[in-house]
Amino acid sequence: MSDTILSVKNLTANVDGTPILKGVNLEIKAGEIHAIMGRNGSGKSTFSKVLTGHPDYEVTGGEVIYLGENLLEKEPHERSLGGIFLAFQYPLEIPGVSNLDFLRVAYNARQKHLGKEEVDSFDFEEIVEEKLGVVQMNPSFLGRSLNEGFSGGEKKRNEILQMALLDPTLGILDEIDSGLDIDALKIVAGGVNQLTTPDNAFLLITHYQRLLDYIQPHYVHVMYDGRIVKTGGKELALELEQKGYDFLDQQVLAEVG
Ligand code: ADP
Ligand code: MG
């Protein structure tokens, strides 16, 4: 089996008829952590939503192969059952749905898909309590409505808890660092670091390099106007931090001509 998890070639996509992704190329192998950085509005979140199959985003060209299969012809729930997990930039609050029940339904759906046994509430509590340590979360959060009244940091920790339970093959984290103070950031990053294995991969989307002080990416990509225009190692993130994103304007103009 090839160890390629995701292969994106010349992907283009529209939102409301407007081209936003203009030819994205990206290759992610098992065991790798990739970061995509870029200005606000460059298309980072659009890319993550296209990968998960969000209906507002219309793919107009290119291909996405996930674990050897055409991802673009799969329904959003098939992608998620297949091991693609997107941690949201703005997690939804769902009053009336208990966090514990929500997590168990998601967990069991994945178990079923993997041909594994589904678990009852009693056994699930044990499984989830073991995972709480990954994000240093208090068990009292399980009894509350999903994300309702959670602080920004608590929501993000809850996303990582969900991810820990679902054990994704490709975890996509869109601005998981936004709105987090340094302590919450360390906990969230520590959670992600605990979940990395030689068989899975992570795609971190971030505007700032400080997240990358705590999660070391193998590759850093810069998205600019719907394309990845530059790829490097961790040092590229530091260069962006120092120079800002403006230096790219000259560089891209020079290259595109
Ligand atoms: P980033 O995450 O890099 O900040 P986005 O992917 O969110 O960028 O946005 C890229 C561009 O697409 C922006 O110009 C944004 O206004 C537009 N866009 C994204 N989502 C929508 C949407 N649902 N409706 C209309 N425009 C959108
Ligand atoms: Mg975004």
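Residues numbered from 1 in each chain as written. Chains lettered and ligands numbered in written order. Predicted model: local features only at pLDDT ≥ 70, side-chain atom pairs only at ≥ 80, totals over all residues. Heavy atoms only, no water.

K.L.:
So what's going on with the site of ligand 1? Which residues, and what values?
P.N.:
All residues in the neighbourhood of ligand 1 are listed as Val-15, Asp-16, Ile-20, Arg-39, Asn-40, Gly-41, Ser-42, Gly-43, Lys-44, Ser-45, Thr-46 and Tyr-57. Here an oxygen atom of ligand 1 and a backbone polar atom of Ser-45 are 2.9 Å apart. In the model, a nitrogen atom of ligand 1 is placed 3.2 Å from a nitrogen or oxygen of the Tyr-57 side chain. Burial of ligand 1 by the protein chains amounts to 62% of its free accessible area of 550 Å². Of the residues forming the shell around ligand 1, the biggest block, three residues, is contributed by helix α1 (residues 44–52). Residues belonging to the shell around ligand 1 are distributed by class as follows: three nonpolar, six polar and three charged. (Near = heavy atom within 4 Å. Polar contact = N/O pair within 3.5 Å; in protein donor to acceptor, adjacent residues only side chain to side chain. Areas by Shrake-Rupley, 256 points an atom, 1.4 Å probe, with all protein chains shown as cover. Helix = DSSP H or I, 4+ residues; strand = E, 2+ residues; numbered from the N terminus. Nonpolar A, V, L, I, M, F, W, Y, C, P; charged D, E, K, R; others polar.)

K.L.:
Outline the side chain of Lys-234, supporting the account with residue identities and numerical values.
P.N.:
Here Lys-234 is to be found in helix α7 (residues 234–243). Asp-213 is the oppositely charged side chain nearest to the buried, salt-bridge-free Lys-234, at an N-O distance of 4.0 Å. Reaching out from Lys-234, the side chain makes a polar contact with the backbone oxygen of Leu-212 at a distance of 3.2 Å. (Buried < 20%, exposed > 50% of the residue type's maximum accessible area, 1.4 Å probe, protein only. Lys, Arg positive; Asp, Glu negative; His and termini not counted. Salt bridge = Lys/Arg side-chain N within 4 Å of Asp/Glu carboxyl O.)

K.L.:
So what's going on with the pattern of salt bridges? Which residues, and what values?
P.N.:
The tally for this structure, following the rule as stated, stands at five salt bridges. One salt bridge in this structure joins Asp-225 and Lys-22, with 2.8 Å as the shortest N-O distance. Note that Asp-225 is positioned in the loop between β11 (219–224) and β12 (227–232) and Lys-22 in strand β2 (residues 18–29), a separation of 203 residues in sequence. For Asp-225, a relative accessible area of 38% gives the class partly exposed. Judged by relative accessible area, Lys-22 falls into the partly exposed class, the value being 30%. Where Lys-74 meets Glu-69, a salt bridge forms, and the shortest distance between an N and an O atom there is 2.7 Å. For Lys-74, a relative accessible area of 25% puts it in the partly exposed group.

K.L.:
Break down unusual backbone geometry for me, citing the residues and quoting the values.
P.N.:
The phi angle at Asn-10 is positive, at roughly 50 degrees, despite the residue not being glycine. When you line up the elements, Asn-10 lands in strand β1 (residues 4–15). Taking relative accessible area as the criterion, Asn-10 reaches 47% and is therefore assigned partly exposed. For Asp-167, which is not glycine, the phi dihedral falls at a positive 50 degrees. Along the chain, Asp-167 falls in the loop between α5 (152–166) and β9 (170–174).

K.L.:
How would you sum up the environment of Asn-193? Please name residues and give values.
P.N.:
Mapped onto the fold, Asn-193 is located in helix α6 (residues 182–195). We classify Asn-193 as partly exposed; its relative accessible area is 33%. Distance from Asn-193 to Glu-32, taken between C-alpha atoms, is 12 Å for residues 161 residues apart in sequence. Beyond its immediate stretch of four places on either side in the chain, Asn-193 contacts Tyr-214 and Ile-215. (Contact = heavy atoms within 4.5 Å.)

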